[in-house]
Structures are given as structure tokens and as C-alpha cells.
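# Summary of structural features
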Amino acid sequence: MAETANDLVLKCTAIARDGADFPTVWEAVLKKNALVVGPPIQTFDDEERPQLEIRLINGQRLVYKSDSNEYSVSLPPRHRPF
């Protein structure tokens with residue numbers, strides 16, 4: 001059975017609940033995962049709070065919010081025509 005983005009979030013969340021910080025989760029789970037396309041990129045949410053986004057091969061993004069130590073899955077950004 002192929003791993004999904006939601007499975008990846010569950011793994012990251014479980015490790016974070018045990019006290020792991022983002023660099024530890026990155027090294028242990030994300031860095032070599034087949035779903036992960038590249039390194040984390042700092043972005044900002046709608047309220048201008050920093051977050052990390054990790055692009056996934058399926059077009060989704062794994063989002064890490066350091067202020068709450070939470071992981072979630074987000075759809076890719078919508079492209080708007082000019």
C-alpha cells in the first residue's frame with residue numbers, strides 16, 4: 001500500500017508529540033521520503049505567521065507551523081490567469 005500525504009502527517013505528528021523538533025522530524029521522516037520533492041521553504045500563512053512548506057510529488061504540500069508544532073496537508077497554490 002502506497003504511503004499518502006496524510007500518512008506522512010500522522011508520522012510527523014507522532015514524532016513531534018514525543019518531543020521532536022522540526023530538524024529531527026526532517027531527518028528521521030521527511031528528508032528521504034519518496035513523496036517529498038525538495039527541502040522545506042519558509043512561507044507565511046494568511047495572518048503573516050511564518051511556516052514551513054514541503055512540496056510533495058502529488059502536488060500537495062506538507063505544512064509545519066512552528067508556533068503550534070503542528071503538521072498538516074495543503075493543496076498546491078492556485079495559479080491565477082493574468
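Reference entry: report on the structure contained in this document.

Parameters at a glance
- Residues numbered from 1 in each chain as written.
- Predicted model: local features only at pLDDT ≥ 70, side-chain atom pairs only at ≥ 80, totals over all residues.
- Heavy atoms only, no water.
- Salt bridge = Lys/Arg side-chain N within 4 Å of Asp/Glu carboxyl O.
- Buried < 20%, exposed > 50% of the residue type's maximum accessible area, 1.4 Å probe, protein only.
- Helix = DSSP H or I, 4+ residues; strand = E, 2+ residues; numbered from the N terminus.
- Polar contact = N/O pair within 3.5 Å; in protein donor to acceptor, adjacent residues only side chain to side chain.
- Axes fitted to C-alpha atoms, helices over the stretch in contact; angles between N-to-C directions.
- Parallel < 35°, antiparallel > 145°, perpendicular 65-115°, else oblique.
- Left-handed = near helix turned anticlockwise from the far one by under 90°.
- Contact = heavy atoms within 4.5 Å.
- Nonpolar A, V, L, I, M, F, W, Y, C, P; charged D, E, K, R; others polar.
- Arc of directions from axis to C-beta.

## Quick word on the pattern of salt bridges
Applying the stated criterion across every chain, the model contains six salt bridges. Arg49 is the salt-bridge partner of Asp45, the closest N and O atoms lying 2.9 Å from each other. In this structure Asp45 comes out as buried when scored by relative accessible area, which is 13%. Classification of Arg49 by relative accessible area gives partly exposed; the value is 35%. Close ionic contact of Arg61 with Glu53 constitutes a salt bridge, the shortest N to O distance being 2.7 Å. Like Arg61, the residue Glu53 is buried in the burial classification. Beyond isolated ion pairs, a larger network of salt bridges with shared partners links Asp45, Glu47, Arg49 and Lys65.

## Topic: the side chain of Arg61
You can see Arg61 is positioned in strand E3 (residues 61–65). A distance of 2.7 Å separates a polar atom in the side chain of Arg61 from a polar atom in the side chain of Glu53.

## Looking at the packing of helix H1 (residues 5–17) against helix H2 (residues 22–30)
Running from N to C, H1 and H2 point in directions that differ by 135 degrees, and their axes come no closer than 10 Å. Here H2 runs oblique to H1, going by the angle between their axes. Note that H1 runs across H2; the crossing there is right-handed. Along its contact with H1, which presents Leu8, Lys11, Cys12 and Ile15, the element H2 presents Val25, Val29 and Leu30. For the contact of H1 with H2, the class distribution of residues is six nonpolar, no polar and one charged.

## What about H2?
The periodicity of an α-helix, 3.6 residues per turn, causes residues three or four positions apart to be oriented the same way. Listed in full, the buried residues belonging to H2 are Phe22, Val25, Trp26, Val29 and Leu30. Along the long axis of H2, the arc covered by the buried residues comes to 105 degrees, so they all point the same way. Residues of H2 that are exposed and angled more than 90 degrees away from the buried face: Pro23 and Ala28. Buried residues along H2 sit against H1, strand E2 (50–55), E3 and strand E4 (70–74).

Remember, this is a structural readout, not a statement about activity or role.
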